[in-house]
Every structure is written in C-alpha cells, then in structure tokens.
Amino acid sequence: MIITLPPRSNGSPIQLNTPGSIVVIGANGAGKTRFARSLAADMPRQAFYLSALRALYTPVDSKTSIESIDKLYDSMIEKSHLLRPDIAGELNRLIALLLHDEMVNLLAYKGSVHSGDDNAKLKRTKLDFLISRWQEIFPENKILIESGRLFISSRTDGDSYSMMRLSDGEKAVMYHLGASLYAPRGGIIIVDNPGMFLHPSIHRVVWDIIEQARPDCTFVYLTHDLGFATTRINGQVVWVRAYDASRQQWEYDLLSAQDKISEELIMSIVGARKPVLFIEGDGVNSIDAKLYPLIFKEYTIKSLGSCNKVIEATRAFNDLSGFHALDSRGIVDRDRRDEREVAYLRGRKVLVPDVAEIENILMLEEVVRAVASANGLNENHVFAKVKKAIIRLFTADLRAQALLHTRHRVKSLVEHRVDGRFDNINTLEEHLVDLMHEINPRGIYEHLCKEFHSYVSDGDYASILRVYNRKSMIPESNVARYCGLSKTDKKHYLNAILGILRKTGSKEAERITNAVRRCLEFDTDVTTSTLSNPRNGKDDTKQS
C-alpha cells in the first residue's frame, strides 16, 4: 500500500511505501493534528484514531471525524442487544466491547460443543491478548474478570480492586493495547500523543508489543516527545514545520538517521525550533548542564557526555545546515589543547574557553568579583585573596602541570606524524627512531616550565586559569569563604553563581554572563551597554 502524505508547500507531496510506522513530529502549533486529519481524509475507511487523553477524560459526545472506538461502539449498539447504550467514556466502551467479544466467543464455543463438534476449540480473544500483554508490562498486577467487570489483583497481597483505581499510565496502556486490535485490517492507526501518561522507560516496550500485534497496519504517531520519537527505530520521521491554513498546505520534510548523529539530537532541535548548543557532561549533575542554560538562553542545550561526541555532533549537524537552517555550536573544555588545536575546533563552530576546564570558568576574575559584590563585600579585597591562593596552588603544582601538558603535546605530535603513509616496515622503523629527537619532549617540558614561571612572576591570573587543570581548585582556594558564603565547598559556590544568574536583569548576572561569553569568545554579548565593573578603591591586582 502506498501512503500519500498531505499537500506540501515546500515541494511535491511525498509518497511512502507502507512503512511500519510514521512519526509526525513538530513543535506545538506546527499543524501535526491537522496533518493527521488530512491523511485520514484520503483514507476514510482505513484510518483509526487513538488518543489516551480522549479515552480517559473526554466525554462521548465529543466526536472525532476519524474512525475510533467511540464510532465503532455506536455502530455496534445497533447490531447487538448485549451492549448498553449509556456507557460513557472511550476506555469504558473499549472494555465493554472486549467483554462483548468474549461473551460472543464463549457462546459460539458452547454452541459448537452442544452441536457435537468434537473439534470445537475456545478461540483466543482480544481480551486474552490485552490481559497477557498488560500483565507482561505490569508484572506485579493481575487482571481478573468477575461478573462482567475487570478487577485488578496485586500479586503481593492478593487484594483486588476496580480497574478504575488504576493509575492513568496503567489505564493508557490498557486502552492502547485493546483499542489497536479494533483498527481495520491493513489500515493506518493514528496515535495522538502516544507517550501521554506513560513513563519514558516503557515507551519502547508498549509500542513494540502493539506494533507486533498489528503488523498489517501502519502506525502514525503524532508527538513532540523527543524520547518517544527515538524509540521508533525503523520508522519514518516526518518533521512538520508549519501549516498554511489559507492554502491548506504543510511545510514538512522527511528525516532519517545521519552519519554519527542520533535521531534524538535531530528531534531535540526540531522540537525546540531553537539553535542548539552541544555541551559535555551528563545533563543532570554536571556544572556544564547547570551553568550554560542560564548563559545561553537563546539556545537549546544538549548534553552529550564526552568532548568527542560534542565535536562529532556539531560537525554532523552543521553538515545538514541546508536541510534544517538552524545554527549549531558545541562547547568543549580546553584542557591541555594548544593554540593550533583550539583554532581548528573554533573554525568548526566548537567553542573552546580561555580556561582549562569548566571549574575554571567559575574562577574567572569577573565571576569572583560579581559573587563578592552580590554579598556586599569589597570585590577588590576578595579577588586579591583568591588570586593569591590560586598562584600559590599553581606554583606548588607547576612542574607536574608542565609534565601533563608535555605529555599531551607529545601524544598529539606522535599521532600526527605516525599517521603518515609508509612504503614498508623499514621506513616506519627509521621514522620512529628519528621521531624521538625531532619531538624533543625535554625541550617542550623546559619551555613550558619557563612559560609557567613567567605567569607566576607576572601575577598573570588569566593565563594560569587557561593552563591549570585542578578539579579541587574551588575548595582549595577558599573562594566561597572569601566571597562570604557560609559553606566553602564547590556545590555551594556554584549554587551562589546560579542563584545570581537566575535574577534576570541584575547587574551581577550581566557581569557573570558577559564574562563567560567572552571567555568562550562568543560573538554576542547579552547587553549592549558598557559592562558595569565598579572598583572600590584602587585595584592592586592585574586585570584578566
């Protein structure tokens, strides 16, 4: 079966050759529901509509133009005296249909037995399927049938209770499992917000089970739930951007997994309609995930974990710029990268801060001053103490830091030089023998030691932050105590900075925001006014 998608403003309508599922995704108001209605209008006898929200909370007299459990029930009332016309709610009507089919099946079986049919067998019903699969998803519970009603029994204590006492999520799974069985054979099942009421951990399980039960149907999912969209691995994704009501046309395109960029990343950008900023960290506990959304409010922030993933995602998404027309950037820690490496990354829209790592951003001079000022302290005196503490730590750690930087540079040089082509093993061996003398690790180390000593003697605080990797810098420098905080650990100092940033429009928030953006060489300040940077008396420290 060929499915023709609705009229398209940015090209000819697209035809799909019977995919297993179609995920229609887009931001709120993009026209997803109208898109589905148009699709159903072209296939009036084959489309079937599912909506858990409607099933659980919308009255029966709220009709839909697409075939549904409500419409099926209304037609069945005229055919069977076993169905009550006063049952309200699509979920209740579904249960009534399932019990009706169960009764008809039992009566047919008994009729066959009484007529002497030795081969009579009790057929597996839709209700049997629902019960077995629902209990598979919720193994702690068991469904019972008593006096024409469904009850739930807990496997732990054995107590039973009405189906109506189930959670919305448990009811939604029951509705989707059962209702999908009534869709016309070979039709399309349009599912509005398939993740509604469901915990993300069971999205894949629930819809995999349902799709396997109806392999004859094409499922069309309408969603802006990014997590759900990525569970339909083999589905076709349709990105609906906008709807032109006057022409009754949609602006949409097909998406597919691109090289080394996951569908989840594409979905997050599509859903937000904002440019994306890929960052390191876990997205929950990392400093990056807490700080950058408050600094770059105009971006969708996406945490990817490692720096390599950030670099690759930024590259891959920008390769698609002709397709999505959205800006994409990344941020990775500087660590021990030299200027050549930094320039390479920045040329590919991967921002690299002028400090070694994310913790050092919290130690920027302007950030320290802003926190001190917010707590009513003399920021000159506070920063002088912090600067002295950082220089003391760096001095004690200088040679160890120089060695780490040397190791990084040697590793980069070796990888670059050995990556060349060699005609035979002898040529490679000769190259490696000469490589030790060419790289000269001791020369690199001594040069770095001299450079680092100059930072100390010059009191060059900014340069120290650029090369100094030390995760314990914040507590060991006592910056939180100097800034007037009651607790001196990294967590409370970070929370103080985040608290200032959340006060939109405050002078200290602007100072911190602009300092971080300048550190990343971001090309746009949040304010066009001159950065407020008061000085209480003469500054006896070197400005970073």
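Everything numeric in this text was worked out from a predicted model, so none of it was measured.

**Student:** So what's going on with the pairing of strand 4 (residues 47-51)? Residues and values would help.
**Tutor:** The element strand 4 is extensively covered by neighbouring structure, given that 5 of its 5 residues are classed as buried. Of the two faces of strand 4, the one carrying Ala47, Tyr49 and Ser51 and the one carrying Phe48 and Leu50 are both buried. Two strands pair when backbone bridges link them, and strand 4 and strand 8 (residues 188-192) are joined in this way by 5 bridges, in the parallel orientation. Of the residues in strand 8, the one forming a bridge with Ser51 is Asp192.

**Student:** Quick rundown of helix 18 (residues 441-458)? Include the residues and the values.
**Tutor:** The first and last C-alpha atoms of helix 18 sit 26 Å apart over 18 residues, in line with the 26 Å expected at 1.5 Å per residue. All buried positions along helix 18 are accounted for by Ile444, Tyr445, Leu448, Cys449, Phe452 and Tyr455. In an axial view of helix 18, the angular spread of the buried residues amounts to 135°, which keeps them on one side of the axis. Looking at helix 18, the residues exposed on the side facing more than 90 degrees away from the buried face are Arg442, Lys450, Ser457 and Asp458. Among the residues trailing helix 18, Gly459 stands out with phi positive, at a value near 65°.

**Student:** Explain the packing of aromatic side chains to me, using residue names and the numbers behind them.
**Tutor:** Counted according to the given criterion, the structure contains 14 aromatic pairs. With a centroid separation of 6.5 Å and an interplanar angle of 70°, the aromatic rings of Trp207 and Phe219 are classed as edge-to-face. Taken together, the residues Trp207 in helix 7 (residues 203-213) and Phe219 in strand 9 (residues 218-223) connect sequence positions 12 residues apart. By relative accessible area, Trp207 is classed as buried at 0%. The buried category is assigned to Phe219, whose relative accessible area is 0%. Through a chain of ring-to-ring contacts, three or more aromatic side chains come together here, namely Phe35, Tyr243, Trp250 and Tyr252. If you follow Arg8 out to its NZ or CZ, it ends over the ring of Tyr252, 5.5 Å from the centre.

**Student:** Explain a nonpolar patch on the surface residue by residue, including any values.
**Tutor:** Together, Leu82, Met103, Val104 and Leu107 give the surface a local cluster of nonpolar side chains, amounting to about 340 Å² of exposed area. Counting through the fold element by element, Val104 comes out in helix 4 (residues 90-114). Using a relative accessible area of 39% as the deciding quantity, one classes Val104 as partly exposed.

**Student:** Kindly report on the environment of Leu72, identifying the contributing residues and their values.
**Tutor:** Within the secondary structure layout, Leu72 lies in helix 3 (residues 69-77). Classification of Leu72 by relative accessible area gives partly exposed; the value is 22%. The contacts of Leu72, once residues within four sequence positions are left out, are Leu97 and Tyr182.

**Student:** Account for the sheet that holds strand 6 (residues 149-154), naming residues and giving values.
**Tutor:** Strands belonging to one sheet form pairs held by backbone hydrogen bonds; the direction of such a pair is parallel or antiparallel. Overall, antiparallel pairing links the 3 strands, which are arranged 5-6-7 in an open sheet. For this open sheet the edge positions go to strand 5 (141-146) and strand 7 (160-162), each flanked by a neighbour on one side alone. Taking each pair of neighbouring strands and ignoring which way they run, the sheet shows an average axis angle of 35°. Looking at chain direction, strand 6 and strand 7 are connected through 3 bridges and run antiparallel. Bridging across to strand 7, Ile152 finds its partner in Tyr161.

**Student:** Could you give me a rundown of the layout of surface pockets, with the residues and numbers involved?
**Tutor:** Each pocket or cavity is described by its volume, and for the largest pocket that value is around 810 Å³. Among the elements of the structure, helix 11 (307-319), helix 13 (339-346) and helix 16 (379-418) are those that each provide at least two residues to the lining of the largest pocket. A per-element tally of the lining of the largest pocket places helix 16 first, with 7 residues. Tallied by class, residues from the lining of the largest pocket come to 6 nonpolar, 4 polar and 12 charged. In this model, the second largest pocket occupies a volume close to 550 Å³.

**Student:** Summarise the side chain of Glu359; cite the residues concerned and give the values.
**Tutor:** Mapped onto the elements of the fold, Glu359 is located in helix 14 (residues 358-361). Residue Glu359 is classed as buried on the basis of its relative accessible area, which comes to 6%. Here the side chain of Glu359 touches Lys471 through a polar contact of 3.3 Å, side chain to side chain. The residues contacting Glu359, other than those within four sequence positions of it, are Ile287, Lys471, Ile474 and Lys490.

**Student:** I'd like a description of the side chain of Glu211, backed by residues and values.
**Tutor:** As for its position among the elements, Glu211 is in helix 7. At 2.6 Å, the side chain of Glu211 and the side chain of Tyr221 are in polar contact. Among all residues touching Glu211, those that are not within four sequence positions of it are Ser21, Phe219, Tyr221 and Arg232.

**Student:** So what about the environment of Asp489? Which residues, and what values?
**Tutor:** Along the chain, the position of Asp489 falls in the loop between helix 21 (479-482) and helix 22 (490-502). As for Asp489 and Asn478, which are separated by 11 residues in sequence, their C-alpha atoms are 8.3 Å apart. Looking at Asp489, its side chain comes within polar contact range of the main-chain nitrogen of Lys491, at 3.2 Å. Here the side chain of Asp489 touches His492 through a polar contact of 2.8 Å, side chain to side chain.

The rules behind the values
Residues numbered from 1 in each chain as written. Predicted model: local features only at pLDDT ≥ 70, side-chain atom pairs only at ≥ 80, totals over all residues. Heavy atoms only, no water. Buried < 20%, exposed > 50% of the residue type's maximum accessible area, 1.4 Å probe, protein only. Helix = DSSP H or I, 4+ residues; strand = E, 2+ residues; numbered from the N terminus. Pairing = 2+ DSSP bridges. Expected span 1.5 Å × (residues − 1). Arc of directions from axis to C-beta. Phe/Tyr/Trp six-rings, centres within 6.5 Å; stacked < 30°, edge-to-face > 60°. Lys NZ or Arg CZ within 6 Å of the ring centre and 35° of its normal. Patch = residues over 30% accessible without salt bridge, like charges linked within 9 Å, V, L, I, M, F, W, Y side chains within 5 Å. Areas by Shrake-Rupley, 256 points an atom, 1.4 Å probe, with all protein chains shown as cover. Salt bridge = Lys/Arg side-chain N within 4 Å of Asp/Glu carboxyl O. Contact = heavy atoms within 4.5 Å. Axes fitted to C-alpha atoms, helices over the stretch in contact; angles between N-to-C directions. 1 Å grid on protein atoms, 1.4 Å probe; cavity = no way out; pocket = protein on both sides within 12 Å on 5 of 7 lines; lining within 4 Å. Points joined across faces, edges and corners; volume = space filled by probe spheres on them. Nonpolar A, V, L, I, M, F, W, Y, C, P; charged D, E, K, R; others polar. Polar contact = N/O pair within 3.5 Å; in protein donor to acceptor, adjacent residues only side chain to side chain.

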